[in-house]
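Each chain, written out:
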Amino acid sequence: MPTNPPDFEKYAQTLQQTMAAAIAEAEALSELAAADREAAASVRIIIQEKRNELENLAREAANKYVAEHRKQLQGTIQQEVLISIATKLLNNGESVDNVAELLDVPKEFVATIK
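Quick look at the structure, then. Predicted model, so just to flag it, every value in this text is computed and none were measured. (Residues numbered from 1 in each chain as written. Predicted model: local features only at pLDDT ≥ 70, side-chain atom pairs only at ≥ 80, totals over all residues. Heavy atoms only, no water.)

A closer look at the nonpolar core
Item 1. Judged by nonpolar contacts, Leu 82, Ala 86, Leu 90, Val 96, Val 99, Ala 100, Leu 103, Val 105, Phe 109 and Val 110 together constitute the single largest core of 10 residues.
Item 2. Those elements that provide at least two residues to this core are α1 (8-91), α2 (96-103) and α3 (107-113).
Item 3. When neighbours within four sequence positions are excluded, Val 105 is seen to be in contact with Leu 82, Ala 100 and Val 110. (Core = buried A, V, L, I, M, F, W, Y, C linked by side-chain atoms within 4.5 Å. Buried < 20%, exposed > 50% of the residue type's maximum accessible area, 1.4 Å probe, protein only. Helix = DSSP H or I, 4+ residues; strand = E, 2+ residues; numbered from the N terminus. Contact = heavy atoms within 4.5 Å.)

So this is what it looks like as structure tokens:
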């Protein structure tokens, strides 16, 4: 029984068609990937702009709050610092009179700490 020799031309043509189809599909996927990258970059830019906007709003709100409550905040901080210093001085054996004089505060203020 004679065997027919392989048809290399048909094989080459089929291989060439398969390769052309694979290259076309790869190029199409590459174009889709590029479009996805561009879309992601656009979204990233929008997100960064929104983040910057929110940070600016938060900074403005914080600055406004501090400006509106500056005296109250300063008084509170000063009070806390005086109490802390007076407590340390009293714990180290200083008298109420001496602590009041050192901190230039009323004796009643120091007496309430002890």
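Next comes the rest of the account.
Looking at α2
Item 1. Residues of α2 that are buried: Val 96, Val 99, Ala 100 and Leu 103. The arc that holds the buried residues of α2, viewed along the axis, is 100°, so those residues lie on one side. α2 presents Glu 101 and Leu 102 as exposed residues on the side facing more than 90 degrees away from its buried surface.
Item 2. Buried positions along α2 lie against α1 and α3.
Item 3. Trailing α2 by a residue or two, Asp 104 shows a phi angle of about 55°, which is positive. (Arc of directions from axis to C-beta.)

A look at the environment of Asp 104
Item 1. Here Asp 104 shows up in the loop between α2 and α3.
Item 2. Owing to a relative accessible area of 71%, Asp 104 belongs among the exposed residues under this scheme.
Item 3. When the C-alpha atoms of Asp 104 and Gln 16 are compared, they prove to be 97 Å apart, with 88 residues separating the residues in sequence.

Here's the deal with the pattern of salt bridges
Item 1. Under the definition given, this model contains two salt bridges.
Item 2. Salt-bridge contacts for Glu 55 lead to Arg 51; the nearest nitrogen and oxygen are separated by 3.2 Å. Linking Glu 55 with Arg 51, this pair stays in helix α1, spanning four residues, or about one helical turn.
Item 3. Look at Glu 55 and you get partly exposed, because its relative accessible area is 34%.
Item 4. On the basis of relative accessibility, which here comes to 48%, the residue Arg 51 falls in the partly exposed class.
Item 5. Between Lys 107 and Asp 97 there is a salt bridge; the shortest N-O distance is 3.4 Å. Separated by 10 residues along the polypeptide, Lys 107 in helix α3 and Asp 97 in helix α2 bring together distant segments of the chain.
Item 6. Accessibility expressed as a relative area gives 46% for Lys 107, which makes it partly exposed. (Salt bridge = Lys/Arg side-chain N within 4 Å of Asp/Glu carboxyl O.)

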